[in-house]
Amino acid sequence: MAAEPGPSPSRRSGLPSAAHTTAMRLETPASSVNSTKLAPPGKHAELLVDRTGLGALIAQCAPQRQVVVVAPAGYGKTSVLAQVRDRLRADGGITAGWLSLDEEDDDLGRFLLHVVEAIRAAGSHAGQATLALLRSGVSLPPAVLKATLLNELAALEKPTLLFIDDFHRISDRSVIATVQAILLASLEHFHLLIATRNAHALPLSQLRVRGAVLEIGGQDLCFSATEVDEFFATIETKTPEEI
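Only a predicted model underlies this, so the values are computations on that prediction, with no experimental measurement involved.

Our focus in this paragraph is helix α6 (residues 142–154). Helix length check: α6 (13 residues) gives 18 Å between terminal C-alpha atoms against 18 Å at 1.5 Å per residue, within 8%. Counting buried positions along α6 gives 11 out of 13 residues, so the element sits mostly inside the fold. Within the span of α6, buried status applies to Pro142, Ala143, Val144, Leu145, Ala147, Thr148, Leu149, Leu150, Asn151, Glu152 and Leu153.

Scanning the model with the defined rule gives one aromatic pair in all. Ring plane angle 20° and centroid distance 5.8 Å describe the contact between Trp98 and Phe163, whose orientation is recorded as stacked. With Trp98 in strand β2 (residues 95–100) and Phe163 in strand β3 (residues 160–165), this pair connects stretches of sequence that are 65 residues apart.

A few words on the packing of helix α4 (residues 108–121) against helix α7 (residues 173–184). At a closest axis distance of 8 Å, the pairing of α4 and α7 adopts a crossing angle of 35°. Residues Leu108, Phe111 and Leu112 of α4 lie in contact with α7, whose contacting residues are Ser174, Val175, Thr178 and Val179. Partitioned by chemical class, the residues of the contact of α4 with α7 number five nonpolar, two polar and no charged.

Quick look at the nonpolar core now. Phe167, Phe190, Leu192 and Leu202 are the most contacted members of the largest nonpolar core, which totals 41 residues. Contributions of two or more residues to this core are made by α4, α5 (128–134), α6, β3, α7, β4 (190–196) and α8 (204–210). For this core, the element with the highest residue contribution is α4, accounting for eight residues. If near-sequence neighbours (up to four positions away) are discounted, Leu192 is found in contact with Gln66, Val67, Leu162, Ile164, Val179, Ile182 and Leu183.

Reading the values: rules and limits
- Residues numbered from 1 in each chain as written.
- Predicted model: local features only at pLDDT ≥ 70, side-chain atom pairs only at ≥ 80, totals over all residues.
- Heavy atoms only, no water.
- Helix = DSSP H or I, 4+ residues; strand = E, 2+ residues; numbered from the N terminus.
- Expected span 1.5 Å × (residues − 1).
- Buried < 20%, exposed > 50% of the residue type's maximum accessible area, 1.4 Å probe, protein only.
- Phe/Tyr/Trp six-rings, centres within 6.5 Å; stacked < 30°, edge-to-face > 60°.
- Axes fitted to C-alpha atoms, helices over the stretch in contact; angles between N-to-C directions.
- Contact = heavy atoms within 4.5 Å.
- Nonpolar A, V, L, I, M, F, W, Y, C, P; charged D, E, K, R; others polar.
- Core = buried A, V, L, I, M, F, W, Y, C linked by side-chain atoms within 4.5 Å.

What follows is the structure, given as structure tokens:
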């Protein structure tokens, strides 16, 4: 039998009450964190072209707006965001976490666990209440978990960013609803940078009306002539085994 949850955090945040939401039991043990997902992939990093102009634009906008990068596979979404994260971390003053998604994250419990751990791995202490709920073993309505996380993110006092790569792997309604809520919550010190092959599940029209999103598409990701030259110059210095 599911334990009766305490007063919903939604009463403090103004979010809809979860009282009538069907309770769910997390399917993934909350202790199973895959730490390799909490940093950008490093393969062939030495071959990456420095996207100075595009990276500067994203880095400038990210602390004030959500950033959504949408393009097919092979356009360099991950590479650009990884460079932006490195740039922000080097500049200091901003906490920047990273989360690479896969099919196993298409589950609310596992997704929230890795979101919180990604933020904490970057140096923030946010997410303690959410982690406590995830590790309690109690069946909870998704709305309670969502509201708890939103309240903790709203309490952040330092600019904090979370880079989410491969969001197109997510189809679970509870996970999508949670990400939509974060994007639309107008959190003062927390923003998302999302890389995905499609943006069907993201509330881009609402964010556009608010002027609250920077959208980067395939055309923006295309190399300039200078970047093409830089890429081939780098390739020419490598052996076939290094490429």
